[in-house]
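Listed below are the residues making up each chain.
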Amino acid sequence: MTTSTTSTAAPPTTGIINPHATGTSLANQVGLLARRSVRSSLSSPAGYMPGIVMPLILLTINSSGLSAATRIPGFPADRYLDFAIVITFMQSALFATSSAGLGLVRDIESGFLDRLALTPMRAGALVVAQISGAIAIALGASLVYISIMFITQVDFHTGPLGVLALLGLSMWTAFSFATIGAWIALRSGESEALQGIFPLLFATLFLSTTNMPRDLIQADWFRAITRVNPVSYMVDAMRSLIITGWDGRVLLEGAGVLLAVSLIGVAGCARSLRRRMAKA
Amino acid sequence: MASSENNGIEVRGLVKQFKKGPKAVDGIDLDVAPGEIYGFLGPNGAGKSTTVNMLVTLLPITAGRATVAGWDVATQGSHVRTAIGAALQAVALDKFLTGREHLKLIASLQGITGDRASRRAEVLLERVGLEDAADRKVGGYSGGMQRRLDLALALVHEPRVLFLDEPTTGLDPQSRTALWEEVRRLATDEGVTVFLTTQYLEEADVLADRVGIINAGTIVAEGTPAELKAEIGAPTVELVPASDADRARLPGLLAQFGTEAAPEVPGSVAVRLHRGDDRASLVSIVRAVDDAGVAVREVRQHEPTLDDVFLLKTGLTLEGAASDADVAASEPGPRSPEPAPADPTAEPVA
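Computed from a predicted structure; not experimentally measured.

Visitor: Go over the overall build of chain B, please, and point to the residues and values.
Guide: Along chain B, the regular secondary structure elements total twelve helices and 15 strands. A buried classification covers 55% of the 350 residues belonging to chain B. For chain B, contacts bridging at least 24 residues in sequence account for 71% of all contacts bridging at least 6. About 13,900 Å² of surface is accessible on chain B, with carbon and sulfur atoms providing 50% of the total.

Written out as structure tokens, the structure reads:
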């Protein structure tokens, strides 16, 4: 084995053909890549339509099928639609998992990540951009759902400020799930892993308080699961803005769970990104 | 013309060992001079792409040291990436973007924005012949068009060192020739140092100023194509016998003229002529065969090729080594080998 005999490399001081190749700011990098992420998602209806339409289909089915639940003593809303509309926001946020993750996986599988890694781009910019792109799509979907709330005259107990708070919580939820999607994508580099996690996320949604308040769930095991299921706290926080009014305890619990999931997602992303971009 | 100072590549004792695997690159040394086109020749799985991935900072090195454009790939990666352009083995494109959007995105990430980015995109689209397809999504491009765009992306920021990992695989002959001309122009007119991996003998022979031949992670020969072929010296003569009986007599008859070599035509007999032996010539062989009454259908003379060099150094032909390597390739993501272009030096004489 030959050992190193070269002297320490001196920085080139002459002969720079590419004086402009100094890169661009982190904010610009994120902006450029986020625009690309959104455009890529919007260029294929299959990429964004399920995230908007599927929650509406589920809402329609649940509202018509479970409307009798409002007759149960103690049910917190007069119309099941008022209670269930939050499903759309939650499900749209769940789609952010795949939006952010699939964008990254596509770049990994196509080698485009390597192409980007050979530019002065900061590694984190791509992840932030993909997450931003996923949030932008979730924002679009949430605006559609808010319009539907107005059209269907959902009784919104916290007024215009509550609408903004709902939008904020919805985006935070999308962010936290997007970080989980990005983490899985960076760790596995395979679309199969993301597709595999999606049914699990849906099961988590249904095993929460999405369809029924916890106190009215008869089965003990189901009630116990909703207690440890973080999605329940996110749903309850968003729902409280619609049907209860400003409930500090529920909102704080929701924010706490969102913070925890976000921190776990961001930490996982950072760790997996470091490992994947294990370059000099 | 820009100065080409500090545009070289220096590699000393470079090693890459993947987890639970053999050494994909096993202590190679090489030097590429500024403005030089260095051909890195070897079969699939030999260690070419692994070497490139280490030199462009996409893969951490296990041991050894390498500098590119004066920067250490292990500790000064961001500087290396600023100085280099790379078109890696698999084209790296986003199928949802157009060709122009690709170029403008990469230009922007390199800090070239606005009108400058647009102008640069125009120049490169024209240079790689994609003006008409510039605003189509690359998902609809042919393989050759994608590869040309990939090369253009590597050139966006006018790199000082260019890495091309099997750049002509999948290209039609016309596109291949155009790419060779562009690579030559970059080296000659712009002083760009080019590190080119290939498994095509013709490509290395025609394009490279110097060639390194790698097999099983080790460089087995290095020099200009002419120097390497000069090591072989004498040509090979191959005879296609008319019958099995004639075939049986040929090896004994030819032994006086040289050493047995691997024939290209199945069933034929080949001999590499002794160097410096006046009696060892095509004419002598034809006379001897004729005198002995052995009937042959065809006689071919091959000038020494890089494949002969590879055979001399490894005991394998590049084609055979490629087949072996396909079975036990240790490089990540090796592509299926495509048929190599026909040996241009094969010269039927009878």
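Anyway, onward from the coordinates.
Visitor: Provide a residue-level description of the overall build of chain A, including the pertinent values.
Guide: Check the secondary structure of chain A and you find eleven helices and zero strands. Seen in sequence order, chain A has helices and strands lined up from the N terminus as α-α-α-α-α-α-α-α-α-α-α. Overall, the C-alpha framework of chain A stretches about 85 × 40 × 35 Å when taken along its three principal axes. Split by element, the accessible area of chain A, about 12,400 Å² in all, is 65% carbon and sulfur. In chain A, which carries 19 positive and 13 negative side-chain charges, the distance between the mean positions of the two groups comes to 10 Å.

Visitor: Give a detailed account of helix H9 (residues 244-254) of chain B, specifying residues and quantitative values.
Guide: Think of an α-helix as 3.6 residues a turn; residues three or four steps apart then line up on the same face. All names here are of chain B. All buried positions along H9 are accounted for by Asp246, Leu250, Leu253 and Leu254. What you see down the axis of H9 is that its buried residues fit within an arc of 75°, all on one side. Residues of H9 that are exposed and angled more than 90 degrees away from the buried face: Asp244, Ala245, Ala248 and Gly252.

Visitor: Tell me what's going on with unusual backbone geometry, and back it up with residues and numbers.
Guide: Residues and elements named next belong to chain B. The backbone of Thr57 shows a phi angle near 75°, a positive value even though the residue is not glycine. Its identity is not glycine, yet Ala69 carries a phi of approximately 55°, on the positive side. Relative to the helices and strands, Ala69 is located in the loop between strand S4 (63-68) and strand S5 (71-72).

Visitor: How would you sum up the packing of aromatic side chains? Please name residues and give values.
Guide: For the coordinates displayed, the defined rule picks out 13 aromatic pairs over all chains. Seen in terms of ring centroids, Phe95(A) and Phe198(A) are 5.2 Å apart; in terms of plane orientation they differ by 50°. Their pairing is tilted. One end of the pair, Phe95(A), is in helix H4 (residues 86-110); the other, Phe198(A), is in helix H8 (residues 191-206), and 103 residues separate them in sequence. For Phe198(A), a relative accessible area of 17% gives the class buried. An angle of 55° between the planes, with centres 5.2 Å apart, marks the rings of Phe40(B) and Phe195(B) as tilted.

Visitor: Before we move on, could you go through the sheet that holds strand S1 (residues 9-17) of chain B and cite the residues and values that matter?
Guide: All names here are of chain B. Taking strand neighbours across the sheet as the criterion, the four strands line up as S2-S1-S4-S5 in an open arrangement whose pairing is antiparallel. Edge positions in the sheet fall to strand S2 (23-32) and S5, since each has one partner strand and no second. Here S1 runs beside S4; their pairing, made up of five bridges, is antiparallel. When the sheet's bridge partners are listed, Val11 is paired in S4 with Ala66. Helix H1 (residues 48-55) rests against S1, S2 and S4 of the sheet, and its axis sits at about 115° to S1.

Visitor: Any chance you could break down the environment of Arg274(A) for me, citing the residues and the numbers?
Guide: Secondary-structure assignment places Arg274(A) in helix H11 (residues 248-276). Linking Arg274(A) and Leu186(A), residues 88 residues apart in sequence, is a C-alpha distance of 9.4 Å.

Visitor: Tell me about a nonpolar patch on the surface, residues and numbers included.
Guide: Residue and element names in this part refer to chain A. On the surface, a nonpolar cluster with roughly 410 Å² of combined accessible area is contributed by Met49, Val53, Met54, Ile57 and Ile61. Within the fold, Val53 resides in helix H2 (residues 45-65). Val53 gets classed as partly exposed once you look at its relative accessible area, which sits at 31%.

Visitor: Help me get a handle on empty space enclosed by the protein, residues and values and all.
Guide: Rolled over the atoms, a probe sized like a water molecule indicates the empty space that remains. The tally for this structure, following the rule as stated, stands at four cavities of 30 Å³ or more. In this structure, the largest cavity encloses a volume near 70 Å³. Along the walls of the largest cavity sit Arg115(A), Leu118(A), Thr119(A), Ile84(B), Gly85(B), Ala86(B), Ile106(B), Gln110(B), Leu153(B), Ala154(B) and His157(B), which together make up its complete lining. Looking at the lining of the largest cavity, the elements that each hand over two or more residues are strand S6 (84-87) and helix H5 (143-155) of chain B. The greatest single-element share of the lining of the largest cavity, amounting to three residues, is contributed by S6(B).

Visitor: Give a detailed account of the nonpolar core, specifying residues and quantitative values.
Guide: By size, the foremost hydrophobic cluster in this structure holds 154 residues, and its most contacted members are Ile9(B), Val68(B), Phe163(B) and Phe195(B). If one sorts the elements of this core by residue count, helix H7 (residues 159-188) of chain A sits on top with 13 residues. Beyond its immediate stretch of four places on either side in the chain, Val68(B) contacts Gly8(B), Ile9(B), Leu55(B), Val73(B), Val80(B), Ile84(B), Val161(B) and Phe163(B). In this structure, Ala234(B), Val237(B), Leu253(B) and Leu273(B) belong to the second largest nonpolar core, which totals 17 residues.

Procedures and definitions
Residues numbered from 1 in each chain as written. Chains lettered and ligands numbered in written order. Predicted model: local features only at pLDDT ≥ 70, side-chain atom pairs only at ≥ 80, totals over all residues. Heavy atoms only, no water. Helix = DSSP H or I, 4+ residues; strand = E, 2+ residues; numbered from the N terminus. Buried < 20%, exposed > 50% of the residue type's maximum accessible area, 1.4 Å probe, protein only. Contact = heavy atoms within 4.5 Å. Areas by Shrake-Rupley, 256 points an atom, 1.4 Å probe, with all protein chains shown as cover. Lys, Arg positive; Asp, Glu negative; His and termini not counted. Charge placed at Lys NZ, Arg CZ, Asp CG, Glu CD. Arc of directions from axis to C-beta. Phe/Tyr/Trp six-rings, centres within 6.5 Å; stacked < 30°, edge-to-face > 60°. Pairing = 2+ DSSP bridges. Axes fitted to C-alpha atoms, helices over the stretch in contact; angles between N-to-C directions. Patch = residues over 30% accessible without salt bridge, like charges linked within 9 Å, V, L, I, M, F, W, Y side chains within 5 Å. Salt bridge = Lys/Arg side-chain N within 4 Å of Asp/Glu carboxyl O. 1 Å grid on protein atoms, 1.4 Å probe; cavity = no way out; pocket = protein on both sides within 12 Å on 5 of 7 lines; lining within 4 Å. Points joined across faces, edges and corners; volume = space filled by probe spheres on them. Core = buried A, V, L, I, M, F, W, Y, C linked by side-chain atoms within 4.5 Å.

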